[in-house]
Amino acid sequence: MAQALAQRTVWHLNSTARGGGVADLLEKAIGLHNESGLRARWLVLAGDAEFFAVTKRLHHRLHGSPDPVGPLGAAERETYETTTSRQAREVLERVAPGDLCVLHDPQTLGLAPHLVAAGLDVAWRCHIGTGAHSAVVRDTWTFLEPYLRAPARCVFSAERYAPPGLLRQQGKVVVLRPSIDPAARKNRPMTPAAVHDRLRAIGLQAGPGRPAAAGTARIVQDRPLPEDAPLVLQVSRWDPLKDMAGVLRGFAGHVAPVRDDVHLVLAGPDPDDIPDDPEGARILHELRGAWEALDGPVRSRVHLVSLSLLDADANADSVNALQRRADVVVQKSLREGFGLTVTEAMWKGKAIVASAVGGITDQIRDGYEGTLVRDPHDLPAFGRALLRLLAESDLRERYGTAAHRRCTKEFLIYREFMDYCSLYTGLLQETPAATHS
Ligand code: UDP
């Protein structure tokens with residue numbers, strides 16, 4: 001691949017350096033590209049609050065969520081195009097004709113026509129989507145249609161996410177499933193002592209060891225998590241579609257009344273650290289209100305953890321430790337593009353209870369690698385699934401082993417890297433050799 005690319009650089013562009021799956025994927029993928037002899041670079045494009053308000057609406061809409069603000073019109077297009085054309089000018093100052101560009105998510109798609117016009121080979125990778133192409137999804141694709149024409153390839157995590165119009169274009173849609181890096185700090189092995197130390201360092205767990213380090217996390221809890229308490233965990237951005245509030249309600253209403261020893265940790269990034277996700281602070285604030293309203297005995301078993309992203313290594317260690325400490329990992333999303341938190345838990349051999357939505361169903365088969373709850377709003381079913389797994393250690397073990405095996409086979413970064421190489425080969429074949437000389 002390095003020979004085929006010759007002097008060309010592969011650029012990956014997105015809109016945040018941290019927070020969320022795409023930033024995590026890119027950091028690892030760019031590293032592996034360069035270690036393998038390709039020349040890859042990662043550009044993060046800045047935008048203002050107005051731009052990210054529009055792109056967050058695009059994000060929710062492509063997941064099929066109703067848009068309370070209303071239809072997308074001329075004002076949204078102007079905001080979107082003003083920012084993406086400015087970004088394109090900035091990008092073109094850095095790249096050379098013939099370079100390859102992979103744009104990630106709707107935030108960057110608007111750059112595609114500008115970059116293609118300047119002689120770059122462009123692919124767009126969309127990390128979100130739904131297989132249910134409702135009116136709101138179709139309208140959003142219509143809004144994006146002028147930009148979708150430009151990239152030679154549009155990449156989705158599952159074929160069913162692609163708009164039907166693109167699927168009709170021979171060779172335009174590529175399926176590329178995300179992955180995790182088993183050697184990354186977030187996934188590397190940790191001893192139980194290291195897990196304990198880390199959870200103590202962020203102030204979640206009590207017990208012997210160093211005191212909590214300032215600035216690593218903000219925790220809302222009555223008391224620290226006891227060292228031996230069974231633990232249910234969800235790690236996610238504070239996004240309505242991740243349904244942290246639903247996890248809290250399901251736990252309080254259907255698990256806590258039956259098991260008085262189990263604790264729940266809801267952990268996510270400090271909202272102040274993610275510029276392209278304007279909703280985080282509000283969701284966390286609402287969750288705090290719901291936590292305050294819980295009965296004392298239940299409240300003392302629920303912990304809200306916001307992890308600082310300013311130190312990426314510390315964040316990775318904290319997520320790793322939390323996932324390893326958990327007895328059951330939950331991902332109760334209402335929609336999910338792929339769900340790297342699920343992949344991470346699979347790698348760690350954890351028993352998982354997740355909603356049967358989006359990319360989660362591409363990773364877990366109900367009853368094999370974990371339990372899937374068919375209706376993400378069905379809190380009693382969610383509670384029953386948790387109680388069963390908490391009670392049956394053999395089943396946890398069986399799911400965990402199967403999940404680790406599947407993750408090893410299908411969801412590691414080496415497989416994704418080979419898929420990227422196929423994508424680049426396809427892009428090079430699209431363009432006449434003369435433009436690359
Ligand atoms: N993550 C993190 N710190 C947090 C919360 C999440 O590093 O406080 C990471 C998580 O480990 C995963 C990614 O963010 O790697 C979330 O990816 P996913 O695909 O699950 O969801 P997305 O945020 O992309 O919708």
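Scroll up a little and you will see the structure.
**Describing the environment of Met 418**
Tracing the chain through its elements places Met 418 in helix H18 (residues 413-430). With 305 residues separating them along the chain, Met 418 and Pro 113 place their C-alpha atoms 27 Å apart.

**Quick notes on the environment of Arg 39**
Summarising the element assignment, Arg 39 is placed in the loop between helix H2 (21-35) and strand E2 (40-44). For Arg 39, a relative accessible area of 35% puts it in the partly exposed group. For Arg 39 and Leu 322, which are 283 residues apart along the polypeptide, the C-alpha to C-alpha distance reads 35 Å. If we ignore the near neighbours within four places in the chain, the residues touching Arg 39 are Gln 7, Arg 8, Thr 9, Val 10 and Asn 34.

**Some thoughts on empty space enclosed by the protein**
Where empty space is left becomes clear once a probe the size of a water molecule has been rolled over the atoms. Throughout the structure, instances matching the rule amount to three cavities of 30 Å³ or more. As a volume, the largest cavity reaches approximately 80 Å³. The wall of the largest cavity is formed by Asp 24, Leu 25, Lys 28, Ser 179, Ile 180, Asp 181, Ala 184, Asn 187, Leu 340, Glu 344, Ile 413 and Glu 416. Of all elements in the fold, only H2, helix H14 (340-347) and H18 reach the threshold of two or more residues within the lining of the largest cavity. The element contributing the most residues to the lining of the largest cavity is H2, with three residues.

**Regarding the pattern of salt bridges**
Tallied over the entire structure, the rule returns 31 salt bridges. Between Asp 24 and Lys 186 there is a salt bridge whose closest N-O contact spans 3.0 Å. Placement of Asp 24 in helix H2 and of Lys 186 in the loop between strand E6 (173-175) and helix H9 (192-201) is noted, with a sequence separation of 162 residues between them. Close ionic contact of Glu 76 with Arg 57 constitutes a salt bridge, the shortest N to O distance being 2.9 Å. Of this pair, Glu 76 sits in helix H4 (residues 74-92) while Arg 57 sits in helix H3 (residues 49-62), and the two are 19 residues apart along the sequence. Residues Glu 76 and Arg 57 agree in their burial class; the two are buried. Through salt bridges that share partners, Lys 56, Arg 237, Asp 239, Glu 279, Arg 282 and Glu 286 make up one connected network.

**Focus: the sheet that holds E6**
The strands making up a sheet are joined through hydrogen bonds of the backbone, oriented either antiparallel or parallel. An order of E2-E1-E3-E4-E5-E6 is seen for the six strands of this open sheet, with the pairing classed as parallel. Each end of this open sheet is capped by a strand with a single partner; those strands are E2 and E6. Pairwise comparison of adjacent strand axes, ignoring direction, gives a mean angle of 25 degrees for this sheet. Alignment of strand E1 (residues 10-14) against strand E3 (residues 100-104), held across four bridges, turns out to be parallel. Looking across to E3, one finds that Val 10 is bridged to Leu 100. Packing against the sheet, H2 makes contact with E1, E2 and E3, and its axis sits at approximately 155 degrees to E2.

The rules we used
Residues numbered from 1 in each chain as written. Predicted model: local features only at pLDDT ≥ 70, side-chain atom pairs only at ≥ 80, totals over all residues. Heavy atoms only, no water. Helix = DSSP H or I, 4+ residues; strand = E, 2+ residues; numbered from the N terminus. Buried < 20%, exposed > 50% of the residue type's maximum accessible area, 1.4 Å probe, protein only. Contact = heavy atoms within 4.5 Å. 1 Å grid on protein atoms, 1.4 Å probe; cavity = no way out; pocket = protein on both sides within 12 Å on 5 of 7 lines; lining within 4 Å. Points joined across faces, edges and corners; volume = space filled by probe spheres on them. Salt bridge = Lys/Arg side-chain N within 4 Å of Asp/Glu carboxyl O. Pairing = 2+ DSSP bridges. Axes fitted to C-alpha atoms, helices over the stretch in contact; angles between N-to-C directions.

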